[in-house]
Amino acid sequence: MQVSLKNYTLRYLSIAFLIIITIWAALFYAFILEEVYDNVDDGLKNQKILILREVYEHPELLETNKYGINQFRITPVGDEDDFSEENYLDNEFFYMPYDDEMEPYRVLRTGFYAPDQKPYHLEIRTSTVEEDDLILNLTTALIVLYLVLVLGVYLINELVLRRAWRPFRIILENLNLYRFGKKEDLQPVSTNIVEFNQLDEEINRMWKRNEEVFDEQKRFIENAAHELQTPLAVTINKLEMLMEDESLTESQLTQLANSKSSLRRLVNLNKALLMLSRIENKQYKDVKRISLNHIIEEISSDFQDFLSFKDITLEIETHGNFDVSMNKDLAVVLISNLFRNAIRYNIKGGKIIVNIRQNHLLVANTGNQVILNREKIFNRFHKGTQDSQSNGLGLAIVKSIVDTYPELSIDYRFEKNMHVFSLEKIR
C-alpha cells in the first residue's frame, strides 16, 4: 500500500521513538534503583555506627529486641546461630498498618560484641521506594513523553515540512500537467532549498532537450511525408495517363492497374502513419465540447454508397447524447475508422448496429464468425483475413486517439454473432 512521505516518516519515527524510549526506560529504571539502594545502604551503615555508640554508652539498649520507633532491634546470639561482624544487606517486605499492606524495606544485618563481650545480632531497616509504584509512575511519564514526541513530530510535519515540501509538490504537478509546447502554463518554483532548485533546473533542461528532439522529429516526419506524397502522386498520374494509351494490351493494362493500386495503398499507408505520428505527438491541440451523435449522422450519410454497394443495413439507436471534449477532426477520424472497419469486414447483406447512450457508444457488425484476438486487434499492421487491401492501421489509429483522451476507453468483444466495439466515457 502506498503512503505519503509524511506518513512514512511518522510511522518509522514512532517505532524508533518507542524502541529508544523502552531501552532508555529499562536503563534509567536500573540506574535509579541502584542509586536509591546505594544511598539507603550508606544511611544504614552510618546508622549502625551511631547505634553501636549508643549501645556502649547506654547498655540498656541491648534489650531492644523488637522494631520500634528507631527501626532497629538487637538479639543475642544463640549457641547454634551464625555470627559475623560483616554487613549483610537485603530487601524484605514488612506489614505497614497505615497502608494495610506489605511494603518494601532495606535491611542491614550485622554482629557486634557488647561491652560485656557477649555477641549480639543487629538488624536495622528503612523503608525504600515501592518498585511497582515506581514502574507505574515511570511508565506513565514515558507514555506521556512518547505521545508528546509523536505529536511534536506530526505537528512539525504539518507546519514545517509541509511548507518545506511545497516546491516538490509543485514540481510533481508540473510534471503531470506538462505537455509539449505548453510550458508557460506551469507554476514557477520558488524556494531556498538547494536540492529542489537543482531538481527543477534539471527537469527544465530535460524538457528543453525533449522539445528540441520533438520539434526535429515533427519536422522530419512532416517533410518526409510531404516529400513522399509528391512523387507518389506524380507516379500515379503518369500511370493513369499511360493507361489511356490504346495500344496497350489487356495484360499490360492489368499490370499497370495493379501497380496503381499498390501505389494508392502506399499513399494511404503514408497518410495513416503521418496521422498516427501527429496524434502521438499531441499536434491536435484544438479541444472543444462536441457531440458524437452529430458526427455519426454526418458520417453515416457519407458511407451510404458503400453500405448500398455491399447491401448492408445500418441501424442507429439513440438513447442519449454522447458529448465529449476532444479535437473535432480526431473525433471524425475515430468514428470514420469504426464505420470503415464495420463495413470492410462485414458480409454481403450484413448488418451494422450503432447504439448511442450518454456515456456509451457501441458499433456492432456481422461478419466472419471468428472471435478476434483482443490483445492484437488494436496493434499496428494487424490485419484480418477478409481484406488483403487493408494496411492494418485503422483500429491502431482508433486506439491512439482514444489513448490521447484519458476520459475515453475502447474495447472489443464478440456477442450474439456480432463483432462489437465499445467506446466508453469514464466518469
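Since the model is a prediction, treat every value here as computed from it, not as a measurement.

**Thoughts on the packing of aromatic side chains**
Under the criterion given, the structure shown has six aromatic pairs. Residues Trp24 and Phe28 carry aromatic rings whose centres are separated by 4.8 Å and whose planes lie at 10° to one another, so their mutual orientation is stacked. Within this pair, Trp24 and its partner Phe28 are both found in helix H1 (residues 5-57), separated by four residues, close to a single helical turn. Residue Trp24 is classed as partly exposed on the basis of its relative accessible area, which comes to 42%. Seen in terms of ring centroids, Phe83 and Tyr113 are 5.0 Å apart; in terms of plane orientation they differ by 65°. Their pairing is edge-to-face. Of this pair, Phe83 sits in the loop between strand S1 (72-76) and strand S2 (88-96) while Tyr113 sits in strand S3 (residues 101-113), placing them 30 residues apart in sequence. Judged by its relative accessible area of 33%, Tyr113 is partly exposed. A connected cluster of aromatic rings, assembled from ring pairs, spans Phe303, Phe306 and Phe339. In this structure, Lys425 packs its charged tip against the face of Phe322, placed 5.5 Å from the ring centre.

**A closer look at the sheet that holds S3**
Hydrogen bonding along the main chain pairs the strands of a sheet, whether they run parallel or antiparallel. Taken together, the four strands give an open sheet; going across it, the order is S1-S4-S3-S2, and neighbouring strands pair in antiparallel fashion. In the strand order of this sheet, the two ends are held by S1 and S2, each with one partner. Each neighbouring strand pair of the sheet contributes to a mean axis angle of 30°, computed without reference to strand direction. Bridge count between S1 and strand S4 (residues 119-127): five bridges; the pairing is antiparallel. When the bridges of S4 are listed, Arg73 appears paired with Glu123.

**Focus: the side chain of Thr366**
Along the chain, Thr366 turns up in the loop between strand S9 (360-365) and helix H8 (394-404). Here the side chain of Thr366 touches Asn346 through a polar contact of 2.5 Å, side chain to side chain. Sequence-distant contacts of Thr366, that is, excluding residues within four places in its chain, are made with Tyr345, Asn346, Ile347, Gly350, Lys351, Asn417 and Met418.

**Topic: the nonpolar core**
Membership of the largest hydrophobic core comes to 41 residues, with the highest contact counts inside it found for Leu292, Met326, Leu361, Ile401, Leu408 and Leu423. With residues up to four places along the chain from it excluded, the contact list for Leu361 reads Leu292, Ile296, Phe322, Ile335, Val354, Asn355, Ile356, Phe421, Ser422 and Leu423. Counting residues in each nonpolar core, the second largest holds 14 residues, with Val40, Leu62, Ile74 and Leu122 among its members.

**Quick notes on the packing of helix H5 (residues 292-302) against helix H7 (residues 328-344)**
Axis angle and axis distance: for two packed helices, these are the angle between their axes and the distance between the axes, and together they describe the pair. The geometry of H5 relative to H7 is characterised by a closest axis approach of 10 Å and an angle of 50° between their N-to-C directions. Classified by the angle their axes make, H5 and H7 are oblique. Read as a crossing pair, H5 and H7 show a hand that is right-handed. Two secondary-structure elements touch here, H5 through Leu292, Ile295, Ile296, Ile299 and Ser300 and H7 through Ala331, Val332, Ile335, Ser336 and Phe339.

**A closer look at unusual backbone geometry**
Outside of glycine, negative phi angles account for most residues, and trans bonds account for most peptide bonds. A positive phi angle, near 55°, is found at Lys416, a position not held by glycine. Mapped onto the elements of the fold, Lys416 is located in the loop between strand S10 (408-415) and strand S11 (418-425). With a relative accessible area of 78%, Lys416 lands in the exposed category. A positive phi angle, close to 60°, is found at Asn417, a residue other than glycine.

**Some points on the packing of H7 against H8**
Orientation of H7 relative to H8, taken along the N-to-C sense of each, is 145°, at an axis distance of 9 Å. Relative to H8, H7 is oriented so that their crossing is left-handed. Residues Leu330, Val333, Leu334, Asn337, Leu338 and Asn341 of H7 touch H8, and the partners they reach there are Gly394, Leu395, Ile397, Val398, Ile401 and Val402. Here the residues of the contact of H7 with H8 sort into nine nonpolar, three polar and no charged.

**Quick word on the sheet that holds strand S8 (residues 351-356)**
The strand order across the open sheet built from five strands is S6-S8-S9-S11-S10, with neighbouring strands paired in mixed fashion. Each end of this open sheet is capped by a strand with a single partner; those strands are strand S6 (313-318) and S10. Looking at each pair of strands side by side, their axes are set apart by 15° on average, direction ignored. Sheet contacts for H7: S6, S8, S9 and S11; angle to S9, the most-contacted strand, approximately 25°.

**Here we look at the confidence of the model for the protein chain**
Atomic detail in the predicted coordinates should be set aside for any region of low pLDDT. Looking at the protein chain as a whole, the pLDDT averages 80, with 90% of positions reaching at least 70. S8 holds the highest mean pLDDT among the elements of the protein chain, 91, whereas helix H4 (residues 250-280) holds the lowest, 75.

**Observations regarding the environment of Ile21**
Within the secondary structure, Ile21 sits in helix H1. For the pair formed by Ile21 and Phe112, sequence separation is 91 residues and the distance between their alpha carbons is 47 Å.

**Digging into the pattern of salt bridges**
Applying the stated criterion across every chain yields a total of eight salt bridges. Put simply, Asp41 and Arg106 hold a salt bridge, and the shortest N to O gap is 2.8 Å. Of this pair, Asp41 sits in helix H1 while Arg106 sits in strand S3, placing them 65 residues apart in sequence. Comparing Asp41 with Arg106 shows no difference in burial state: the two are buried. Glu123 is paired through a salt bridge with Arg109; the nearest N and O atoms lie 3.6 Å apart.

**Here's the deal with H5**
Because an α-helix packs 3.6 residues into every turn, residues spaced three or four apart end up facing the same way. Along H5, the positions that sit buried rather than exposed are Leu292, Asn293, Ile295, Ile296, Ile299 and Ser300. Seen end-on, H5 carries its buried residues on one side only, within an arc spanning 160°. Those residues of H5 that are exposed and angled more than 90 degrees off the buried face are Glu297, Ser301 and Asp302.

**Let's talk about a negative patch on the surface**
A grouping of Glu34, Glu35, Asp38 and Asp42 is seen on the molecular surface, where their side chains present a negatively charged patch. Structurally, Glu34 can be placed in helix H1.

Reading the values: rules and limits
- Residues numbered from 1 in each chain as written.
- Predicted model: local features only at pLDDT ≥ 70, side-chain atom pairs only at ≥ 80, totals over all residues.
- Heavy atoms only, no water.
- Phe/Tyr/Trp six-rings, centres within 6.5 Å; stacked < 30°, edge-to-face > 60°.
- Helix = DSSP H or I, 4+ residues; strand = E, 2+ residues; numbered from the N terminus.
- Buried < 20%, exposed > 50% of the residue type's maximum accessible area, 1.4 Å probe, protein only.
- Lys NZ or Arg CZ within 6 Å of the ring centre and 35° of its normal.
- Pairing = 2+ DSSP bridges.
- Axes fitted to C-alpha atoms, helices over the stretch in contact; angles between N-to-C directions.
- Polar contact = N/O pair within 3.5 Å; in protein donor to acceptor, adjacent residues only side chain to side chain.
- Contact = heavy atoms within 4.5 Å.
- Core = buried A, V, L, I, M, F, W, Y, C linked by side-chain atoms within 4.5 Å.
- Parallel < 35°, antiparallel > 145°, perpendicular 65-115°, else oblique.
- Left-handed = near helix turned anticlockwise from the far one by under 90°.
- Nonpolar A, V, L, I, M, F, W, Y, C, P; charged D, E, K, R; others polar.
- pLDDT = per-residue confidence, 0-100.
- Salt bridge = Lys/Arg side-chain N within 4 Å of Asp/Glu carboxyl O.
- Arc of directions from axis to C-beta.
- Patch = residues over 30% accessible without salt bridge, like charges linked within 9 Å, V, L, I, M, F, W, Y side chains within 5 Å.
- Areas by Shrake-Rupley, 256 points an atom, 1.4 Å probe, with all protein chains shown as cover.
- Lys, Arg positive; Asp, Glu negative; His and termini not counted.
- Charge placed at Lys NZ, Arg CZ, Asp CG, Glu CD.

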